[in-house]
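In case you want the letters, here they are:
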Amino acid sequence: MDNQTIRDRLQAQFPQAILAVSERFGDLSVTLRREDLLAVVTWLRDHPEVPYDFLEHLSGVDYLGRTPRFEVVIHLMSLRYLHRICLKVTAPEDDPHVPSLTPLYPTANYQERETWDLLGIVFDGHPSLQRILMPDDWIGHPQRKDHPLGEEEVAFTFNQERIYAQKPFAKE
Amino acid sequence: MGLETKAGDLGVVTTSLEYVVNWGRTNAMWPLLFGLACCAIEMMGAQSPNYDMSRFGMEINRASPRQADLMIVAGRVSRKMAPVVRRLYDQMSEPKWVVAMGDCASCGGIFNNYAIVQGVDEIVPVDVYVAGCPPRPEALIDGIMMLHEKVKREKISGIKEQPLRLEQPLIQQVDVKKYG
């Protein structure tokens, strides 16, 4: 199964949903419209000839300064033909919502939770979008490029008096 | 006075209670079985036959905090892990000691960011800091020997001694005009 066949089939089936197609080093990646993500993924999963039955990977990217700012990258794999396809969906900063793939692939559950936890991209239709890596009471999404790193001043001999005076040492 | 002093051949040893208690505590320490990062590999190496920490009375780690009295924090403590470490410390039976093993446990190390506690002394009182990234097993054993010395100086009243601080910087100010 080659990339050109999949590409032609997708173009024929969803001419309006595909915003861009690129092929680099033999990897096919398709940028989709946000509204059509579920339809395209459902079609890919249930395709009679080349079923993409395995969601390999789902993650998010923060392109700070670009509009739209966020991007969700999904890698699907067909275990029968060992063929991969990469789907990309963008979301603007003021409306970071992307449809959830958990109803289609249960393995997307944790990966979407992680993407939401670290980047703040909301997956509509996810059964329980809770924090998975950060503590439950954490405020903010730390892998956003504009999130403060939260570093503390390093104590050396010349400034340790000032730093240790403010540092919350444990008392027993 | 001491264990070396024997009164004739009666088999009677005169010493102080403080000395005997501290001696017993020193030579039967039970470390808590947990590791947080790569330092734990070196900690396991220190207990392996190559380095053999059991020479100093530490045969095995105890997996239950209620049977342990030494906590070796081996690795960086994330903010999510911090309540767990504190809870383990609270469950340990008195008297108990803490060794911060490695740079990350001592001061955050290379992870100076939002996710890592900048020094485990923010959540548990640390007795000995071992530097290194990660410290070699010899360094860990040296830290534990240092802790043994500290335990031997403990008073029977239970009052812990104050930490030792450097009075002057290790590296003296270099005269720039003189040495360029």
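Everything numeric in this text was worked out from a predicted model, so none of it was measured.

1. Quick notes on the overall build of chain B
Next up, step 1: Across its full length, chain B carries six helices and three strands.
Next up, step 2: Counting from the amino terminus, helix and strand elements in chain B follow one another as α-α-β-α-β-α-β-α-α.
Next up, step 3: By the burial criterion, 40% of the 180 residues in chain B qualify as buried.
Next up, step 4: Long-range pairs, those at least 24 residues apart, make up 75% of the contacts in chain B with a sequence separation of at least 6.
Next up, step 5: Total accessible area on chain B stands at roughly 10500 Å², and carbon and sulfur atoms take up 58% of it.

2. Here we look at the nonpolar core
Next up, step 1: Ile74, Leu76, Ile85, Leu87 and Leu101 of chain A are the most contacted members of the largest nonpolar core, which totals 32 residues.
Next up, step 2: Looking at this core, the elements with two or more residues in it are helix H1 (3-13), strand S2 (27-32), helix H2 (37-45), strand S3 (54-62), strand S4 (70-78), strand S5 (83-91) and helix H3 (108-119) of chain A.
Next up, step 3: Among all residues touching Ile74 of chain A, those that are not within four sequence positions of it are Leu37, Leu55, His57, Leu58, Ile85, Cys86, Leu87 and Leu101 of chain A.
Next up, step 4: By size, the runner-up hydrophobic cluster in this structure holds 21 residues, among which are Met29, Met43, Trp97 and Leu147 of chain B.

3. Some details on the packing of helix H2 (residues 39-47) of chain B against helix H5 (residues 137-152) of chain B
All names here are of chain B.
Next up, step 1: Across the interface, H2 lies against H5 with an axial gap of 8 Å and an inter-helix angle of 75 degrees. By the angle class used here, H2 and H5 are roughly perpendicular. On the side of H2, the interface is formed by Glu42, Met43, Gly45 and Ala46, while H5 contributes Pro137, Leu140 and Ile141.
Next up, step 2: When its residues are assigned to classes, the contact of H2 with H5 shows five nonpolar, one polar and one charged.

4. Notes on a nonpolar patch on the surface
Next up, step 1: Together, Val154, Phe156 and Phe158 of chain A give the surface a local cluster of nonpolar side chains, amounting to about 360 Å² of exposed area.
Next up, step 2: Structurally, Phe156 of chain A can be placed in the loop between strand S7 (122-124) and helix H4 (160-166).

5. Brief notes about the interface of chain B and chain A
Next up, step 1: Opposite the 17 residues of chain B that make contact, chain A presents 19 residues.
Next up, step 2: Three residues, Lys80, Asn112 and Tyr114 of chain B, lead the burial of chain B against chain A; their summed loss comes to 40% of the area buried on that side.
Next up, step 3: One can count two salt bridges joining chain B with chain A.
Next up, step 4: Ionic pairing is found between Asp121 of chain B and Lys167 of chain A, a salt bridge with its closest N-O pair at 3.8 Å.

6. Focus: the pattern of salt bridges
Next up, step 1: Taken as a whole and assessed by the stated rule, the structure comprises 20 salt bridges over all chains.
Next up, step 2: For Arg34 of chain A, the salt bridge goes to Asp95 of chain A, with nearest N and O atoms at 3.2 Å. Of this pair, Arg34 of chain A sits in the loop between S2 and H2 while Asp95 of chain A sits in the loop between S5 and strand S6 (97-99), placing them 61 residues apart in sequence.
Next up, step 3: The class for Asp95 of chain A is partly exposed, based on a relative accessible area of 31%.
Next up, step 4: When the shortest N-O distance is used, the salt bridge between Glu138 of chain B and Arg136 of chain B registers 3.1 Å.

7. Brief notes about the UniProt feature "domain: NADH:ubiquinone oxidoreductase 30kDa subunit" (unreviewed entry) in chain A
Next up, step 1: Following the UniProt record, one finds the feature "domain: NADH:ubiquinone oxidoreductase 30kDa subunit" (unreviewed entry) at residues 30-152 of chain A.
Next up, step 2: As annotated, residues 30-152 of chain A comprises 17% helix and 29% strand, and the C-alpha atoms at either end are separated by 42 Å.

8. Some points on the sheet that holds S2 of chain A
All names here are of chain A.
Next up, step 1: Read across the open sheet, the five strands follow the order S1-S2-S5-S4-S3; overall the sheet is mixed. Across the chains shown, the open sheet's two edge strands, defined by having one partner strand only, are strand S1 (18-24) and S3. Looking at each pair of strands side by side, their axes are set apart by 20 degrees on average, direction ignored.
Next up, step 2: Sheet topology note: the S2/S5 ladder contains four bridges and is parallel. Bridge pairing links Ser29 to Cys86 in S5.

Definitions and limits used
- Residues numbered from 1 in each chain as written.
- Chains lettered and ligands numbered in written order.
- Predicted model: local features only at pLDDT ≥ 70, side-chain atom pairs only at ≥ 80, totals over all residues.
- Heavy atoms only, no water.
- Helix = DSSP H or I, 4+ residues; strand = E, 2+ residues; numbered from the N terminus.
- Buried < 20%, exposed > 50% of the residue type's maximum accessible area, 1.4 Å probe, protein only.
- Contact = heavy atoms within 4.5 Å.
- Areas by Shrake-Rupley, 256 points an atom, 1.4 Å probe, with all protein chains shown as cover.
- Core = buried A, V, L, I, M, F, W, Y, C linked by side-chain atoms within 4.5 Å.
- Axes fitted to C-alpha atoms, helices over the stretch in contact; angles between N-to-C directions.
- Parallel < 35°, antiparallel > 145°, perpendicular 65-115°, else oblique.
- Nonpolar A, V, L, I, M, F, W, Y, C, P; charged D, E, K, R; others polar.
- Patch = residues over 30% accessible without salt bridge, like charges linked within 9 Å, V, L, I, M, F, W, Y side chains within 5 Å.
- Salt bridge = Lys/Arg side-chain N within 4 Å of Asp/Glu carboxyl O.
- Buried area = accessible area lost by both parts, 1.4 Å probe.
- UniProt positions renumbered as here; feature names shortened; annotations may be inferred.
- Pairing = 2+ DSSP bridges.

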